[in-house]
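# Analysis of the macromolecular model
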Amino acid sequence: MARIFSGIQPSGELHIGNYLGAVKNWVRLQHEHPGATFCVVDYHAITGRYDPQVLRARRWGMAASLLAAGIDPARVTLFMQSDVPEHTELSWIFTTFTPLGELERQVQFKDKAAREESIPAGLLMYPVLQAADILLYRADAVPVGEDQVQHLELARDTARRFNAKFAVAYFPEPQPMLSPTRRILGLDGQAKMSKSLGNTVGLLEADDAIWGKLRPAVTDPQRVRKSDPGRPEVCNVYQLHRAFSAPAVVAEVEANCRSAGWGCMDCKKALHGAMVAELTPIRARAAELQAAPGRVLEVLEDGAARARAVARQTMREVREIVGLDPLTVSAAALPAEGAPPAAG
Ligand code: TRP
């Protein structure tokens, strides 16, 4: 059985882009893979400029949103990365043999670094920490979106390098499990959905606010009049139907779009109905948790205890493999010179 780990940044409010790209997939997976581990990666969230008070709010908000979206702590472990400092410890060990050039070639690093005057070293090390997140739990399957494929490649390289350097078969090589939902564009139909671009729908937005955003959302740009046949394959609203509507409705949408039987407003109304049906219970659970915030803390505390038990065990073994285990008196008798260095 696959050992599953995934993480999500405590960015602002969870929106339907990261809900569909990651979280909905996690909620689905927890039934087939009880025992999966999911993490709010707050150490990753501090590589840029940020306000500590805002970070606190976002860490709490992300944990609460994940629970509201249906992550079930009775099935999976949900925890806050910074509650398990072994993540940073393993990350340091990995940095000691990760080639700098490989980190500099990471697309996400290049993109982010291009926008910074002064590049924090942590930004470069970001994927090493990510490799540590995954390998600390010796996970072999990582549910992520397509944008994480390169980071996963680095995690596999890291596992392979560690195993080769110390001549062990210790870490598995983790594979991505891509979400069935293709990349969801923002409502502008142009760029990836992202809070900073203002093209998102928040997971907890009210029904009328959702409609206020769907109504002007970009569809097939070549469909000008209602009588023009549409092309679902280029329409972002159709992609959203595929994510939110039942298969029979998706088929109906597609047929009515191509035949111009429906106008884009008809299609958007149907989508609004499907979104409201899926998001209403999530919003209700979020309100419950907001009223009983101690429940979120309980889940995180319990999750951290479980995660830490695994993390400690891995670090005990890693420390032994790399020669950083607790010294015993027998160390006094070891040859300090002339011993061949470990391969690699
Ligand atoms: N880099 C991931 C993202 O931005 C978040 C992440 C950090 C992650 N550590 C991880 C994802 C470990 C999967 C596994 O989405």
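Residues numbered from 1 in each chain as written. Predicted model: local features only at pLDDT ≥ 70, side-chain atom pairs only at ≥ 80, totals over all residues. Heavy atoms only, no water.

A tally of regular secondary structure across the chain gives twelve helices and five strands. Dimensions of the chain, computed from C-alpha atoms along their principal axes, come out at roughly 85 × 45 × 40 Å. For the chain, with 344 residues in total, the buried portion stands at 45%. Relative to all contacts within the chain whose residues are 6 or more apart in sequence, the contacts with residues 24 or more apart total 78%. Looking at the chain as shown, the accessible area adds up to about 17,100 Å², and 56% of this sits on carbon and sulfur atoms. Averaging the locations of the 39 positively and 39 negatively charged side chains of the chain gives two centres separated by 4 Å. (Helix = DSSP H or I, 4+ residues; strand = E, 2+ residues; numbered from the N terminus. Buried < 20%, exposed > 50% of the residue type's maximum accessible area, 1.4 Å probe, protein only. Contact = heavy atoms within 4.5 Å. Areas by Shrake-Rupley, 256 points an atom, 1.4 Å probe, with all protein chains shown as cover. Lys, Arg positive; Asp, Glu negative; His and termini not counted. Charge placed at Lys NZ, Arg CZ, Asp CG, Glu CD.)

Below, the discussion takes up the sheet that holds strand β3 (residues 77-80). One open sheet accounts for three strands, arranged β1-β2-β3; its pairing is parallel. Taken across any chain shown, the strands that pair with only one partner, and hence form the sheet edges, are β1 (5-8) and β3. For this sheet, the mean angle separating the axes of adjacent strands, direction not counted, is 20 degrees. Both β1 and strand β2 (residues 37-40) contribute to a ladder of four bridges, which runs parallel. Across the sheet, Ser-6 pairs through a bridge with Phe-38, a residue of β2. On top of the sheet, helix α2 (residues 52-69) reaches β1, β2 and β3; it is set at about 170 degrees to β3, its chief contact. (Pairing = 2+ DSSP bridges. Axes fitted to C-alpha atoms, helices over the stretch in contact; angles between N-to-C directions.)

Glancing now at the nonpolar core. Ranked by internal contacts, the top residues of the largest apolar core, which has 54 residues, are Leu-66, Phe-244 and Met-275. Two domains each donate at least three residues to this core, and these are domain 1 (5-183 + 293-330) and domain 2 (195-290). Setting aside residues up to four positions removed in sequence, Phe-244 forms contacts with Ile-16, Tyr-19, Leu-20, Leu-271, Ala-274, Met-275, Glu-278 and Leu-279. If you look at the next biggest cluster of nonpolar residues, it comprises 35 residues, including Phe-5, Ile-93, Leu-154 and Ala-155. (Core = buried A, V, L, I, M, F, W, Y, C linked by side-chain atoms within 4.5 Å. Domains from an automatic or database assignment.)

Per the domain assignment, the segments of the chain are domain 1 (5-183 + 293-330) and domain 2 (195-290). The C-alpha-based centres of domain 1 and domain 2 are spaced at 32 Å. Listed by partner, the interface residues are 19 residues for domain 1 and 19 residues for domain 2. Buried surface at the junction of domain 1 and domain 2, summed over both partners, amounts to about 1,700 Å²; 62% is from carbon and sulfur atoms. Counting the surface domain 1 buries against domain 2, the share from its top three residues, Glu-13, Ile-16 and Ala-68, is 34%. (Buried area = accessible area lost by both parts, 1.4 Å probe.)

We now examine α2. For the α-helix, the turn length of 3.6 residues means that residues three or four positions removed from each other point alike. Along its 18 residues, α2 runs 25 Å from first to last C-alpha, staying within 8% of the 26 Å computed at 1.5 Å per residue. If you check which residues of α2 are buried, you get Leu-55, Met-62, Ala-63, Ala-64, Ser-65, Leu-66, Leu-67, Ala-68 and Ala-69. As for α2, its buried residues are in contact with β1, α1 (16-32), β2, β3, α11 (264-291) and α12 (293-322). Backbone nitrogen of Gln-53 and a side-chain oxygen of the N-cap are separated by 2.8 Å at the start of α2; the cap is Asp-51. (Expected span 1.5 Å × (residues − 1). Polar contact = N/O pair within 3.5 Å; in protein donor to acceptor, adjacent residues only side chain to side chain.)

Time to look at the side chain of Thr-37. Turning to its location among the elements, Thr-37 is positioned in strand β2. On the basis of relative accessible area, Thr-37 is assigned to the buried category, the value being 11%. Look past the residues within four positions of Thr-37 in its chain and what remains in contact with it is Ile-4, Phe-5, Ser-6, Thr-77 and Phe-79.

By the element assignment, Val-201 lies in the loop between β5 (175-178) and α8 (207-214). By relative accessible area, which is 0% here, Val-201 ends up buried. Taking the C-alpha atoms as reference, Val-201 lies 7.9 Å from Gly-17; in sequence the two are 184 residues apart. Once you skip the residues sitting within four places of it in the chain, Val-201 turns out to touch His-15, Ile-16, Leu-187, Met-193, Ile-210, Lys-213 and Met-275.

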